[in-house]
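Residue-level structural notes
What follows is the residue order along each chain.
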Amino acid sequence: MTQYLDFEKPLAEIEGKAEELRALARANEEMDVADEAAALDQKAAKLLDDLYADLTPWRRCQVARHPERPHCKDYLKALFTEFTPLAGDRNFADDLAVMGGLARFQDQPVVVIGHEKGSDTKSRIERNFGMARPEGYRKAVRLMKIADRFNLPVVTLVDTAGAYPGKGAEERGQSEAIARSTEACLQIGVPLVSVIIGEGGSGGAVAFATANRVAMLEHSIYSVISPEGCASILWKNSEKMREAAEALRLTAQDLKKLGVIDRIISEPKGGAHRDKETAIASVEKAIASMLGDLKKKDRAALIADRRNKYLDMGTKGLAA
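What counts, and at which threshold
- Residues numbered from 1 in each chain as written.
- Predicted model: local features only at pLDDT ≥ 70, side-chain atom pairs only at ≥ 80, totals over all residues.
- Heavy atoms only, no water.
- Buried < 20%, exposed > 50% of the residue type's maximum accessible area, 1.4 Å probe, protein only.
- Helix = DSSP H or I, 4+ residues; strand = E, 2+ residues; numbered from the N terminus.
- Pairing = 2+ DSSP bridges.
- Patch = residues over 30% accessible without salt bridge, like charges linked within 9 Å, V, L, I, M, F, W, Y side chains within 5 Å.
- Areas by Shrake-Rupley, 256 points an atom, 1.4 Å probe, with all protein chains shown as cover.
- Salt bridge = Lys/Arg side-chain N within 4 Å of Asp/Glu carboxyl O.
- Expected span 1.5 Å × (residues − 1).
- Arc of directions from axis to C-beta.
- Contact = heavy atoms within 4.5 Å.
- Polar contact = N/O pair within 3.5 Å; in protein donor to acceptor, adjacent residues only side chain to side chain.
- Phe/Tyr/Trp six-rings, centres within 6.5 Å; stacked < 30°, edge-to-face > 60°.
- Lys NZ or Arg CZ within 6 Å of the ring centre and 35° of its normal.

1. Topic: the pairing of strand β4 (residues 154-160)
Of all seven residues that make up β4, seven are buried, and the element is covered over most of its length. By the alternation rule, side chains of β4 split into Val154, Thr156, Val158 and Thr160 and Val155, Leu157 and Asp159, which are all buried. Pairing of strand β3 (residues 108-115) with β4, which is carried by four bridges, proceeds in the parallel orientation. Paired with Ile113 across the bridge in β4 is Thr156. Across six bridges, the pairing between β4 and strand β5 (residues 192-201) is parallel. Bridged to Thr160 within β5 is Gly200.

Structure, rendered in structure tokens:
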């Protein structure tokens, strides 16, 4: 069953009533409720349009975090063939919050790296809710160096609330590992494209998304800090997250205007979780287009393109 967000409660009631009518009809073949159910479906569709016509930044945060939203594993399964996972950082351990390896994208050999949050309680705990430890970023660096050595484009899929802030992670050099991953993104001489598929949180996201081309799904978010964290620091009250979400300019729409990202990928009506196949197909088109844009650039041009992109960041304002 669909999990509804707080602001979708009126929609849940209408769709629930429509499903109740259909359940009654299945139990009693003599009942004819087709017209009533169809009317409720139309009402629900109209309400869905209205709810998603102009989402506030905080509501976009809620959609970006929806548990049924397609995750890295879903994209790997649907878009990449011959995926061969590579594990471990050859130093400490394998971090299951980071998936990566060799694969083919539309029959083109690539290296793919992404955050995986997990889809149920067991897998979420195993994947540490997509919050990578130092070994995850060091694994990513290893994969990027392999891509650079064998001239393979790199595709990254970002979906994390941020790097794991635990004591063990800090003791093993979390900040240094993030910095090394960001450095690797800037130094490799192959095309690097990134898609924010859900949450893009803090340096944990930047470590994968310092790319030649960055795309965001329409209802995803990308920010230096979560709205709750920002509210706790500025107002000493995490309940001020709505105001923080407004101030952070974390939506794809604002970030496109600011020049932080290069394109916005449209989502199905009601968010990617309502039609995963369509959302994944849209991401495929975006990745193919971005890789195509970079195909003719040589090593020096790719590095310069990436460097200039980030040096220019901050020159655009929302009024531009």
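The discussion continues.
2. Examining a nonpolar patch on the surface
There is a patch of nonpolar side chains on the surface, built from Ile233, Leu234 and Trp235 and spanning about 330 Å² of accessible area. Position of Trp235 relative to the elements: it lies in the loop between α10 (227-234) and α11 (241-248).

3. Looking at helix α1 (residues 9-27)
Residues spaced three or four apart along an α-helix point in a common direction, a consequence of the helix completing one turn every 3.6 residues. Across its 19 residues, α1 extends 27 Å between first and last C-alpha, which sits within 8% of the 27 Å expected from 1.5 Å per residue. Within the span of α1, buried status applies to Leu11, Ile14 and Ala18. For α1, the angular spread of buried residues about the axis comes to 80°, placing them on one side. Exposed and oriented more than 90 degrees from the buried face of α1 are Lys9, Glu13, Glu20 and Ala27. For α1, the elements touching its buried residues are α2 (34-53).

4. Quick look at the side chain of His273
Mapped onto the secondary structure, His273 falls in the loop between β8 (263-265) and α13 (276-294). For His273, a relative accessible area of 8% corresponds to the buried category. A distance of 3.4 Å separates a polar atom in the side chain of His273 from the backbone oxygen of Gly270. Once residues within four sequence positions are removed from consideration, His273 is found in contact with Tyr52, Val63, His66, Glu68, Arg69 and Pro70.

5. A short note on the packing of aromatic side chains
Inspection of the entire model under this criterion finds three aromatic pairs. The positively charged end of Arg133 is found above the aromatic ring belonging to Tyr164, 4.8 Å away from the centroid.

6. Some points on the pairing of β3
For β3, a buried count of six out of eight residues is recorded, marking the element as mostly surrounded by other parts of the structure. Pairing of strand β2 (residues 98-105) with β3, which is carried by eight bridges, proceeds in the antiparallel orientation. Among the inter-strand pairings, Phe105 is bridged to a residue of β3, identified as Gln108. Here β2 folds back onto β3 in antiparallel fashion, the turn holding two residues, of which Gln106 has a positive phi close to 50°.

Just distances and angles here, no functional claims.
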